[in-house]
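Each chain, written out:
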Amino acid sequence: MTSSQLPLGSPRSEAVPFQFVAEADRFRSNVTPPARQRPSLSQVASRTLVGLTVVAGLVGSLLFGLPAMEAGPGTTGHSQQSEASQGR
């Protein structure tokens, strides 16, 4: 059955280049996929270690980065000037 032979009330009335594309909307499989295998203990441990390493890296970057971003008490109110401009 080509797209021109489809009845008017069909869900797909536009032209399709291949018949299997038009029939893909109606296809339902009766085959169930196999059950997922449970991860082994070593896989769970390695995923946990990778996650902890990433979290520790983020926390460490915050701990080292926050003091560098703070403005110290001596730097407020001072503007940078070169030594050549101070002699004038």
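Residues numbered from 1 in each chain as written. Predicted model: local features only at pLDDT ≥ 70, side-chain atom pairs only at ≥ 80, totals over all residues. Heavy atoms only, no water.

Asker: Give me the overall build of the chain: which residues, what numbers.
Answerer: Each helix and strand in the chain was counted, giving 3 helices and 0 strands. Seen in sequence order, the chain has helices and strands lined up from the N terminus as α-α-α. In the chain, which comprises 88 residues, the share counted as buried stands at 6%. Of the roughly 8600 Å² of accessible surface on the chain, 62% is carried by carbon and sulfur atoms. (Helix = DSSP H or I, 4+ residues; strand = E, 2+ residues; numbered from the N terminus. Buried < 20%, exposed > 50% of the residue type's maximum accessible area, 1.4 Å probe, protein only. Areas by Shrake-Rupley, 256 points an atom, 1.4 Å probe, with all protein chains shown as cover.)

Asker: Which residues make up the confidence of the model for the chain, and what are the values?
Answerer: Detailed reading of the predicted coordinates is not advisable wherever pLDDT is low. Predicted confidence across the chain gives a mean pLDDT of 75, with 52% of residues reaching 70 or more. When pLDDT is averaged over each helix and strand of the chain, the minimum, 61, is found for helix 1 (residues 19–23) and the maximum, 95, for helix 2 (residues 41–69). (pLDDT = per-residue confidence, 0-100.)

Asker: Quick one: what's the story with a nonpolar patch on the surface, residue by residue and with numbers?
Answerer: A cluster of nonpolar side chains, contributed by Val50, Val54 and Leu58, occupies part of the molecular surface with about 290 Å² of accessible area. In this fold, Val54 is placed in helix 2. Val54 gets classed as partly exposed once you look at its relative accessible area, which sits at 49%. (Patch = residues over 30% accessible without salt bridge, like charges linked within 9 Å, V, L, I, M, F, W, Y side chains within 5 Å. Salt bridge = Lys/Arg side-chain N within 4 Å of Asp/Glu carboxyl O.)

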